[in-house]
Amino acid sequence: MYNGQIIDVPQFIADAVSSIKTQVGNDVVVLGLSGGVDSTVTALLVDKAIGDRLVCIFVDHGLLRKNEFEDVLKHYEGMGLNVKGVRAADRFFAACKGITDPELKRKAIGKTFIDVFADEARKVKDAKWLAQGTIWPDIAESFSDKGVIKSHHNVGGLPEDLNFGLVEPLKYLYKYEVRQVGAALGLDSHFLGRHPFPGPGLGVRCLEELTPERIHILQEADDIYIRALREAGLYDKIWQAAAILLPVRSTGIKDGRRTYENVIALRAVNSKDAVTAEVINLPFEFLQKVATEIITKVDGVNRVVYDISPKPPSTIEWE
Ligand code: XMP
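Definitions and cut-offs
Residues numbered from 1 in each chain as written. Predicted model: local features only at pLDDT ≥ 70, side-chain atom pairs only at ≥ 80, totals over all residues. Heavy atoms only, no water. Helix = DSSP H or I, 4+ residues; strand = E, 2+ residues; numbered from the N terminus. Buried < 20%, exposed > 50% of the residue type's maximum accessible area, 1.4 Å probe, protein only. Areas by Shrake-Rupley, 256 points an atom, 1.4 Å probe, with all protein chains shown as cover. Lys, Arg positive; Asp, Glu negative; His and termini not counted. Charge placed at Lys NZ, Arg CZ, Asp CG, Glu CD. Contact = heavy atoms within 4.5 Å. Polar contact = N/O pair within 3.5 Å; in protein donor to acceptor, adjacent residues only side chain to side chain. Phe/Tyr/Trp six-rings, centres within 6.5 Å; stacked < 30°, edge-to-face > 60°. Lys NZ or Arg CZ within 6 Å of the ring centre and 35° of its normal. Domains from an automatic or database assignment. Buried area = accessible area lost by both parts, 1.4 Å probe. Salt bridge = Lys/Arg side-chain N within 4 Å of Asp/Glu carboxyl O. 1 Å grid on protein atoms, 1.4 Å probe; cavity = no way out; pocket = protein on both sides within 12 Å on 5 of 7 lines; lining within 4 Å. Points joined across faces, edges and corners; volume = space filled by probe spheres on them. Nonpolar A, V, L, I, M, F, W, Y, C, P; charged D, E, K, R; others polar. Pairing = 2+ DSSP bridges. Core = buried A, V, L, I, M, F, W, Y, C linked by side-chain atoms within 4.5 Å.

Student: What's the story with the overall build of the protein chain in this structure? I'm lost.
Tutor: Along its length, the protein chain carries ten helices and nine strands. For the protein chain, the spread of C-alpha atoms along the three principal axes comes to 70 × 40 × 40 Å. Here the protein chain holds 319 residues, and the buried ones make up 52% of them. As displayed, the protein chain has an accessible area near 15100 Å², and 52% of this comes from carbon and sulfur atoms. When the 39 basic and 44 acidic side-chain charges of the protein chain are each reduced to a single mean position, those positions are 2 Å apart.

Student: Please explain the environment of D307 as it appears in this structure.
Tutor: Relative to the helices and strands, D307 resides in the segment after β9 (301-306). Relative accessible area serves as the criterion here: at 8%, D307 is assigned to the buried category. A sequence separation of 16 residues divides D307 from A291, and the C-alpha atoms of the two residues are 13 Å apart. Once residues within four sequence positions are removed from consideration, D307 is found in contact with L266, R267, V279 and W318. Side chain to side chain, D307 and S309 meet in a polar contact 2.6 Å long. Within polar-contact distance, the side chain of D307 engages the side chain of W318 at 2.9 Å.

Student: Would you take a moment to explain the packing of aromatic side chains for this structure?
Tutor: By convention here, two paired aromatic rings are described through the distance between centres and the angle between planes. The final tally for this structure, using the stated rule, is five aromatic pairs. For the ring pair Y76 and F191, a centre distance of 5.9 Å and an interplane angle of 55° mean the geometry is tilted. Of this pair, Y76 sits in helix α3 (residues 68-78) while F191 sits in helix α8 (residues 189-192), and the two are 115 residues apart along the sequence. Per residue, the accessibility class of Y76 equals that of F191, and both read buried. An aromatic cluster of three or more residues is present, and its members are F58, F69, Y76 and F191. The cationic tip of R179 hangs over the ring face of W239; the distance from NZ or CZ to the ring centre is 5.8 Å. One cation-aromatic arrangement involves R230 over Y235; the distance from NZ or CZ to the ring centre is 3.9 Å.

Student: What's the story with the domain arrangement of the protein chain in this structure? I'm lost.
Tutor: One frequent convention defines the size of an interface as the accessible area lost when the parts assemble. Annotation of the protein chain at the domain level lists domain 1 (9-192) and domain 2 (205-306). Measuring from the centre of the C-alpha atoms in domain 1 to the corresponding centre in domain 2 gives 27 Å. Tallying the contact residues gives 20 residues for domain 1 and 22 residues for domain 2. When residues of domain 1 are sorted by the area they lose upon contact with domain 2, R65, K66 and F93 head the list and together hold 38% of the total. Its salt-bridge partner being K66, residue E220 comes within 3.2 Å of it at the nearest N-O pair. Summed over the shared surface of domain 1 and domain 2, the number is seven residue pairs in polar contact (both at pLDDT 80 or more). Elements supplying a minimum of two residues to the side of domain 1 that touches domain 2: α4 (89-96), α5 (102-122), α6 (136-142) and α7 (175-184).

Student: Looking at this model, I keep getting lost on the layout of surface pockets. Mind explaining?
Tutor: Computed from the structure, the largest pocket encloses a volume of approximately 450 Å³. Surrounding the largest pocket, 18 residues form its lining, E68, D71, H190, R194 and R230 being those nearest its centre. Listing elements by their share of the lining of the largest pocket, those giving two or more residues are α3, α8 and α9 (212-231). By residue number, the principal contributor to the lining of the largest pocket is α9, which donates five residues.

Student: Can you walk me through empty space enclosed by the protein in this structure?
Tutor: Leftover empty space is mapped by rolling, across the atoms, a probe with the size of a water molecule. Taken as a whole and judged by the stated rule, the model has two cavities of 30 Å³ or more. Of the pockets and cavities examined, the second largest cavity occupies roughly 40 Å³. Along its surface, the second largest cavity is lined by R205, Q240, A241, A242, I244, R267, I316, E317 and W318. Per-element tally for the lining of the second largest cavity: the top contributor is strand β6 (residues 240-254), with four residues. Class assignment of the residues belonging to the lining of the second largest cavity gives a composition of five nonpolar, one polar and three charged.

Student: Can you walk me through the pairing of strand β2 (residues 54-60) in this structure?
Tutor: Walk down a regular strand and you will see the side chains alternate between the two sheet faces. Of all seven residues making up β2, seven are buried, and the element is well covered by its neighbours. Here β2 shows no split at all, with L54, C56, F58 and D60 on one side and V55, I57 and V59 on the other all buried. Note that strand β1 (residues 28-33) and β2 share five bridges and pair parallel. The residue of β2 that forms the bridge with L33 is F58.

Student: Honestly, the nonpolar core in this entry has me stumped. Any pointers?
Tutor: In a soluble, globular protein the nonpolar side chains are often hidden away together inside. Counting 95 residues, the largest nonpolar core has Y225, L229, I264, L282 and I294 as its most contacted members. It is α9 that provides the largest number of residues to this core, a total of nine residues. The residue makeup of this core includes at least three contributed by each of domain 1 (9-192) and domain 2 (205-306). Of all hydrophobic cores here, the second largest spans six residues; its members include I244, L246, V263 and A265.

Below is the structure:
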């Protein structure tokens, strides 16, 4: 049992591949790719074990970063994964309509994800197993003795008629170990170094009700922020960075006219395991430059603030 301590990555890979082979035999396995490191490393491990008997499903819930669906789908195809892209943004926005409570929103996104995924999985002939990129902190946080902190949608069930067995090769690993395994499997450094991104995506960073218009505003602001972090050589020094669209508006002035528009919060934290996190002291000039670019270029935003709250008590995501 690898209880959070991998000493020997090649040995872990050999053992994982061999136990996947034993577990699934000649069956077909389905897997939901999210664009994140965990599901991608899981896919590479299962692919190594059973090749094209792994069918990957990549759902566009409309809550991904700007251009992410197209870029990542291409990347997956380039890695030789057997992957099907499914565009389903409309179903997610319809399911989240009118919902402002964060947990209800997570549940609605999670349920819709399961519905869309199940619809696709039913089309896969002879599928008997579901592979998931669950890692140790997902399990620890979802079932803490203090009750559910936040519901993680990759810990939970598909409809009973599908009756899949679970394949979760990473479930005793921490994120940094997953990255080590990914590197050993040939995942390129750009992909491997991607910041963690939650299953519900920008849905938990666009506070209160989700609409295509508000997600569009957030995507544009997030794109400016992440691009600037990369250009300044800061991205790889950070565990996770995010732009958040707040549910408040504030007064501003543009071209001599009063505006009453949205506020974007920027967050950047360092962490080892996501259980605790410290705020990063980003250079003030950098923050000023990003704020100016967002306010100038993103329609509907007239104010940018920087989140200086550590975890605990403040979770990394705002919802
Ligand atoms: P919090 O906000 O709880 O986040 O401090 C801890 C880490 O988990 C990520 N996160 C999620 N990942 N599904 C995921 O796969 C989720 O529902 C989810 N919620 C939070 C978060 O981005 C951070 O890295």
